Amino acid sequence: MNAVSLRPSPIAASVDFDRDGVQHGHLKLPYSRDDSAWGALMIPLTVVKRGSGPTALLTGGNHGDEYEGPIALFDLARTLRAEDIAGRVVILPAMNYPAFRVGTRTSPIDKGNMNRIFPGRADGTVTEKIADYIERHLLPLADLVLDIHSGGKTLEFVPFAAAHLLADEAQQARCVAAMAAFNAPYSVMLLELDAVGMYDTAAEAMGKVFVSTELGGGGTARPETIAVATRGIRNLLIHAGIVDGTPERRPSIRLDMPDGACYVTATQGGLIEFHVALGAAVRRGEPVARVYDVEGTGRAVAEYHAGRDGVVAGRHFPGLVQTGDTIAVIGVPIADRGIVRPSRRR
Ligand code: ZN
C-alpha cells in the first residue's frame, strides 16, 4: 500500500448502496474547467436492492463508442423494480462518461482509456479518478461483474461473451459458467493482447466472477445485438440467483483463442478489401483481406492470411487501415467441454 492508494476518492455517490429500493443518482466528480469553475462530472448510476442477496455490478460505456451496454443498461435502470430481485444490482451504464458523451473510445478530457488505466489514482486524471472509485468502492461490493463492450468505431465482432484463463481454476470455472449463462451466440475464451490495466484484470484479481462481452461494433448498435445484451443480462441475473425465472437458452458456439496466431495485424496502411465476412469459417493460410497502397496506382497489394483454422470472430471496421491495426481476429471452435488446456495467468 502506498500513500496514494489511501487517499480518499474525490467522487461522492448520491445513492446509499445499503438502502433497499430503487435509487437513481450520480457519481459526482469535481471537475473545474473553463465553462464551469466549480463544476462536476455527474456520472449516472442506479442501485436496486432488496434484502441481503448477492450483488451484481453491471457496466457499459467503458469505451465511449460502444452502445449495446449503455442501451441495455439505461433500459434496465428504468425498468428494474426492487420487488423483481433478491440482493442488489448496481448499474453504471457509461463508465467513461466523458468519452460516452462525445462518442469516442477514450476520454476527451485526458485521453484516458478506461480499460487500460486500472487500478486508477485518486489524485490522477479524470479517467484515473473514475477507475480508482470503481476499484475501491464499486468492485468490492460485487459478487458478479458484467462489463458490456462492443467493437466501437474501429472494430466489429460476432456477438460473444468472454471469460479468461485464470490462475485460480475454481474462479475460472465460475467465470466460464457465468459466460455460458449469459448465452451470447458465441462464447469465447479470450486471449488479451495486453491485460495490464484492464477492468477485467482488476475484477479478476479481486476474485470476482467476471464476464465481458463484445457484441457488435462500428460505433453503433443493432436491434439483434441489443437483444443479445438484454437477454444476457437477464440470464446472468437469474444465474446469480438475483432474479427469479427461467433463462432463455439458445445455441452458443464456443471459441478458443489459443495464441497470438488468432490475430491478423496490418503491417502497412492503406485501403482494405476483405475476402471473408464476419462469422465466416476460414482455413489456416486462407486470404482474409488485402490492403492497397493508395500512394499510387498499379502497386503491389499486401495479402493477409488466417493464422489458424477457425471463425472470423472480429474484423477491422473502417475502410482504411493503418500499420498495426488488428485486421481480423480468428476464434477456434471447440466442443462445449473442450477447455482443457492447463490454466495459466494471462
Ligand atoms: Zn470496449
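Predicted, not measured: the structure shown is a model, and the values here were computed from it. (Residues numbered from 1 in each chain as written. Predicted model: local features only at pLDDT ≥ 70, side-chain atom pairs only at ≥ 80, totals over all residues. Heavy atoms only, no water.)

Draft legend 1. Broad picture of the overall build of the protein. Per the secondary structure count, the protein includes seven helices and 19 strands. Taking 20 Å as the expected radius of gyration for a compact globule of 346 residues, we find that the protein reaches 21 Å, a close match to that expectation. Principal-axis analysis of the C-alpha atoms places the extent of the protein at approximately 65 × 50 × 40 Å. When each of the 346 residues of the protein is scored for burial, the buried share is 53%. The contacts of the protein with a sequence gap of at least 6 include a subset with a gap of at least 24, amounting to 71%. Accessible surface, the protein: about 14900 Å² in total, of which carbon and sulfur atoms supply 53%. In the protein, the 36 positive side-chain charges and the 39 negative ones have mean positions that sit 2 Å from each other. (Helix = DSSP H or I, 4+ residues; strand = E, 2+ residues; numbered from the N terminus. Rg over C-alpha atoms; globule rule 2.2 N^0.38 Å. Buried < 20%, exposed > 50% of the residue type's maximum accessible area, 1.4 Å probe, protein only. Contact = heavy atoms within 4.5 Å. Areas by Shrake-Rupley, 256 points an atom, 1.4 Å probe, with all protein chains shown as cover. Lys, Arg positive; Asp, Glu negative; His and termini not counted. Charge placed at Lys NZ, Arg CZ, Asp CG, Glu CD.)

Draft legend 2. The packing of aromatic side chains, seen in detail. Here the structure, examined in full by the defined rule, presents five aromatic pairs. Seen from their ring centres, phenylalanine 74 and phenylalanine 100 are 6.3 Å apart, and the 25° between their planes marks the pair as stacked. With phenylalanine 74 in helix α2 (residues 68-79) and phenylalanine 100 in helix α3 (residues 97-102), this residue pair connects regions lying 26 residues apart in the sequence. When its relative accessible area of 19% is taken as the criterion, phenylalanine 100 is described as buried. One Lys or Arg, arginine 315, reaches over the ring of phenylalanine 274 and ends 4.3 Å from the middle of that ring. (Phe/Tyr/Trp six-rings, centres within 6.5 Å; stacked < 30°, edge-to-face > 60°. Lys NZ or Arg CZ within 6 Å of the ring centre and 35° of its normal.)

Draft legend 3. Fine view of the side chain of lysine 129. By secondary structure assignment, the location of lysine 129 is in helix α4 (residues 126-138). Of the buried charged residues, lysine 129 lacks a salt bridge, with aspartate 123 as the closest side chain of opposite charge at 8.1 Å. (Salt bridge = Lys/Arg side-chain N within 4 Å of Asp/Glu carboxyl O.)

Draft legend 4. A look at the coordination of the zinc ion. Here the zinc ion is held by the protein donor atoms His63 (ND1), Glu66 (OE), Glu66 (OE) and His149 (ND1), which lie 2.1 to 2.3 Å from it. Coordination at the zinc ion is irregular: its four donor atoms span angles of 58 to 150° at the metal. In the primary structure, the donors to the zinc ion are separated according to the pattern H-x2-E-x82-H. Its relative accessible area of 2% is what places histidine 63 among the buried residues. The exposure class assigned to glutamate 66 is buried, which follows from its relative accessible area of 3%. (Donors = N, O, S within 2.8 Å, 3.2 Å for Na, K, Ca; no water. Tetrahedral: all angles 85-135°; square planar, octahedral: opposite > 155°, others 65-115°.)

Draft legend 5. Geometry of the domain arrangement of the protein. In terms of domain boundaries, the protein breaks down into domain 1 (4-250) and domain 2 (259-333). With centres defined by C-alpha atoms, the gap from domain 1 to domain 2 works out at 30 Å. On the side of domain 2, 15 residues touch domain 1, which itself brings 11 residues to the contact. Interface area, domain 1 with domain 2, both sides summed: about 1100 Å², of which 68% is carbon and sulfur. Per-residue buried area on domain 1 facing domain 2 is highest for Glu156, Val158 and Leu191; these three make up 44% of the total on that side. Taken together, the links from domain 1 to domain 2 amount to one salt bridge. At the surface where domain 1 touches domain 2, the tally comes to four residue pairs in polar contact (both at pLDDT 80 or more). (Domains from an automatic or database assignment. Buried area = accessible area lost by both parts, 1.4 Å probe. Polar contact = N/O pair within 3.5 Å; in protein donor to acceptor, adjacent residues only side chain to side chain.)

Draft legend 6. Examining the sheet that holds strand β15 (residues 287-292) more closely. Pairing is antiparallel across the open sheet formed by four strands, whose spatial order is β16-β15-β13-β18. At either margin of the open sheet sits one strand with a lone partner, and together these are β16 (302-305) and β18 (320-321). As judged from the two bridges shared by strand β13 (residues 270-274) and β18, these two strands associate in the antiparallel manner. Within β18, the position partnered with leucine 271 by the bridge is leucine 320. (Pairing = 2+ DSSP bridges.)

Draft legend 7. Representation of α4 within the structure. With 13 residues, α4 should cover 18 Å at 1.5 Å per step; its first-to-last C-alpha distance of 17 Å lies within 8% of that length. Burial within α4 is extensive, with 11 of its 13 residues counted as buried. Turning to α4, its buried residues number three or more, namely Val126, Thr127, Glu128, Lys129, Ile130, Ala131, Asp132, Tyr133, Ile134, Glu135 and Leu138. (Expected span 1.5 Å × (residues − 1).)

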